[in-house]
Amino acid sequence: MSKSSNSVYFPNLNGVRFIAAFSVLIHHIEQVKEVFKIPHFYDYHLIKSMGKLGVDLFFVLSGFLITYLLLHEKGRFGSINTRDFYIRRILRIWPLYFLIVILAFFVFPHIPLFVAPNNEISFMAHNFYQRLSLFFIVLPNIGFILYGSPYLAAQTWSIGVEEQFYYLWPWIIQHFSWKRLLLTLAIFSFGTFGVFYIYYHWVGNTFYANNVPEIVRFFFSQFRILTLVTGGGCAMLVYYRKEKILNVLFRKDLQIVVYGILLLCLGTGFHVNHINLEFYGLFFAYFILNVSSNPKTIINLEYGWISYLGKISYGVYIYQTAFIVASVHLIQWALGNTLSTLAFNLILYPLATFLTVGVSALSYRYFEKPFLKLKERFSSHSATRQAN
């Protein structure tokens, strides 16, 4: 990690994004095959959990990087410019988020190439405007819980979680105290309940009709605040230079043991009831802590192509389901249903990856970059930002 008076840079973080995004990609390829009733490996425990674990890795990374940047800004200037923080987050997240929402609601359902055989048009006809309103006010995770999500925008639930974390976290870092923490969480909880209550009574037709407590429980089970905070805790260790702790965590022999246990757990499908994602989040936090801040890390992800794919990983995550569906249709239209499972996979995986990466690269260069350049106007009170 390099740190100067006006810049923060951590190595390997684009590599972490690459791992997270392509774990979700593999998960979605097998999930789409299941939707199309094509022979698949979706039921294999590692494949089925790769999506959630990949998103979990994103969450830990986000908690780590955002916390460090907030601490760095507070330490340098004595306070956090929350207005500029929110504007920077909006410029990074909202353009691509709203693009996929508009496409998934209004465009994809009417183009056969992007329609999966899961009755999407019929599904979209129910509670259309109620669902759309929640997605338009950037509460896709609540929209997903109450009314379901368009299939090609289902991944945006995690964007909602991150946005709600951003809503909470700067205020906690700015005025950190248990009283402030409890007050902020209380306001957030009551606000969340209020949104559920309003929409529930507006329509009264949800997946959990007549059971508001179950709706709220489901929301907090997906909120993943502990996973995000775990990443934030690692950032605090680095920022406050807790050398005694870091010297132990950075040991090469401990890295080997921890990564070995992680691979064993993943390979055997080890599961911890109720806190499984938080359990794996601890391993991911250790991994991010070492690759970003340990000069003796045993894992190096600083390769040009990995860094580039990590840089465009937001697009990879957002576009992938649409172009996996399109790839399946293209193969079936061009070659029919006579291919063996092996031949089908040998075509599907490269094609879906190529289309997803190609569209993401174009999106990053011509659609996302202009918004990213605008972020510089709102960085005068903060450190130069590492892309996130």
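Here, every reference points to the structure presented above.
Right, let's walk through the structure included here. Residue positions are given per chain, counting from 1 as you read along its sequence in written order. Per-residue local features are limited, in this predicted model, to residues with pLDDT of at least 70; the limit for side-chain atom pairs, both in listing and counting, is 80 or more; totals at the level of whole chains, interfaces and linings are taken over all residues. Working from all heavy atoms in the structure, the side-chain values ignore hydrogens and water.

## Observations regarding the overall build of the protein chain
Consideration 1: Think of it this way: any DSSP run of H or I at least four residues long counts as a helix, any run of E at least two long counts as a strand, and we number them from the N terminus. A count of helical and extended segments in the protein chain gives 16 helices and two strands.
Consideration 2: Taken over C-alpha atoms, the radius of gyration is set against a globule rule of 2.2 Å times the number of residues to the power 0.38. Relative to its length of 388 residues, the protein chain is compact, with a C-alpha radius of gyration of 21 Å against a globular reference of 21 Å.
Consideration 3: Taken along its principal axes, the extent of the C-alpha atoms in the protein chain is 60 × 50 × 45 Å.
Consideration 4: Taken across its 388 residues, the protein chain has 53% of its residues classed as buried.
Consideration 5: Two residues form a contact once any of their heavy atoms are found within 4.5 Å. In the protein chain, 78% of the contacts between residues at least 6 apart in sequence involve partners at least 24 apart.
Consideration 6: Residue-level accessible areas treat just the shown protein chains as cover; the underlying method is Shrake-Rupley with a 1.4 Å probe. Within the structure as shown, the protein chain displays about 17,900 Å² of accessible surface, and the carbon and sulfur contribution to it stands at 67%.
Consideration 7: Within the protein chain, one finds 30 positive and 16 negative side-chain charges whose respective centroids are separated by 8 Å. Accessibility here uses a 1.4 Å probe with only protein chains present; expressed as a share of the type maximum, an area under 20% marks a residue as buried, one over 50% as exposed, and anything in between as partly exposed. Positive charges come from Lys and Arg, negative ones from Asp and Glu, while His and the chain ends are left out of the count. Every charge is mapped onto a representative atom, which is NZ of Lys, CZ of Arg, CG of Asp or CD of Glu.

## Describing the side chain of N141
Consideration 1: Take N141: it is sitting in helix α6 (residues 140–147).
Consideration 2: For N141, a relative accessible area of 2% gives the class buried.
Consideration 3: Within polar-contact distance, the side chain of N141 engages the side chain of Q164 at 2.9 Å.
Consideration 4: If sequence neighbours within four positions are ignored, N141 has contacts with W157, G160, V161, Q164 and F219. Residues adjacent in sequence count toward polar contacts only when both atoms are side-chain atoms; beyond that, a polar contact is any pair of N or O atoms within 3.5 Å, and within protein one must be able to donate a hydrogen and the other to accept it.

## A look at the packing of helix α2 (residues 45–77) against helix α13 (residues 276–293)
Consideration 1: As a packed pair, α2 and α13 sit with axes 9 Å apart at the nearest point and diverge in direction by 50 degrees. As summarised for this structure, α2 and α13 are arranged oblique, according to the angle between their axes. Handedness of the crossing formed by α2 with α13: right-handed. Where α2 abuts α13, its residues K52, L53, D56, L57, V60, L61 and F64 lie against L277, E278, Y280, G281, F284, A285, F287, I288, S292 and S293. Here, axes are lines fitted to C-alpha atoms. For helices the fit covers the stretch in contact, and angles between N-to-C directions go from 0 to 180 degrees. Should an angle fall under 35 degrees it is taken as roughly parallel, and over 145 as roughly antiparallel, whereas 65 to 115 is taken as roughly perpendicular and any remaining angle as oblique. Handedness of a crossing follows from how the near helix is turned relative to the far one, being left-handed for an anticlockwise turn of less than a right angle and right-handed for a clockwise one.

## So, a nonpolar patch on the surface
Consideration 1: Two joining distances apply to patches: 9 Å for like charges and 5 Å for nonpolar side chains (Val, Leu, Ile, Met, Phe, Trp, Tyr), and every residue must have over 30% relative accessible area and no salt bridge. By definition, a salt bridge exists where a carboxyl oxygen of Asp or Glu is found within 4 Å of a side-chain nitrogen of Lys or Arg. On the surface, I102, F106, V107, I111 and F136 cluster together into a nonpolar patch covering about 380 Å² of accessible area.
Consideration 2: In this fold, F106 is placed in helix α3 (residues 82–107).
Consideration 3: Using a relative accessible area of 39% as the deciding quantity, one classes F106 as partly exposed.

## Some thoughts on unusual backbone geometry
With glycine set apart, most residues show a phi of negative sign, and most peptide bonds adopt trans.
Consideration 1: Of note, the phi angle at K37 is positive, near 60 degrees, even though the residue is not glycine.
Consideration 2: One can find K37 in the loop between α1 (13–35) and α2.
Consideration 3: When its relative accessible area of 75% is taken as the criterion, K37 is described as exposed.
Consideration 4: The phi torsion at H274 lies on the positive side, around 75 degrees, for a residue other than glycine.

## Let's talk about the environment of G336
Consideration 1: Structurally, G336 can be placed in the loop between α15 (313–335) and α16 (341–374).
Consideration 2: Given a relative accessible area of 26%, G336 falls into the partly exposed group.
Consideration 3: Along the chain, G336 and F58 lie 278 residues apart, while their C-alpha atoms are 37 Å from each other.

## Observations regarding the packing of α2 against helix α10 (residues 225–239)
Consideration 1: One can describe the packing of α2 onto α10 by two numbers: an axis separation of 7 Å at closest approach and a directional angle of 40 degrees. Viewed along their axes, α2 and α10 adopt a mutual orientation that is oblique. In the crossing of α2 with α10, the sense of the turn from one axis to the other is right-handed. For the pair α2 and α10, the contacting residues are D56, F59, V60, S62, G63, F64, T67, Y68, L71, H72 and G75 in the first and T227, L228, G231, G232, C234, A235, M236, V238 and Y239 in the second.

## A few points about the environment of F165
Consideration 1: Relative to the elements of secondary structure, F165 occurs in helix α7 (residues 157–174).
Consideration 2: The exposure class assigned to F165 is buried, which follows from its relative accessible area of 0%.
Consideration 3: For the pair F165 and L228, spaced 63 residues apart in the sequence, the C-alpha separation amounts to 7.8 Å.
Consideration 4: Once residues lying within four places of it in the same chain are set aside, the contact partners of F165 are G63, P170, F223, I225 and L228.

## Re the pattern of salt bridges
Consideration 1: Enumeration over the complete set of coordinates arrives at six salt bridges.
Consideration 2: The closest approach of N and O atoms between R83 and D84, which form a salt bridge, is 2.8 Å.

## A look at the nonpolar core
Consideration 1: What we call a nonpolar core is a set of buried Ala, Val, Leu, Ile, Met, Phe, Trp, Tyr and Cys residues that are connected through their side-chain atoms within 4.5 Å. F10, V16, F22, F287 and I288 are the most contacted members of the largest nonpolar core, which totals 115 residues.
Consideration 2: Sort the elements by how many residues they give to this core and α2 lands first, with 14 residues.

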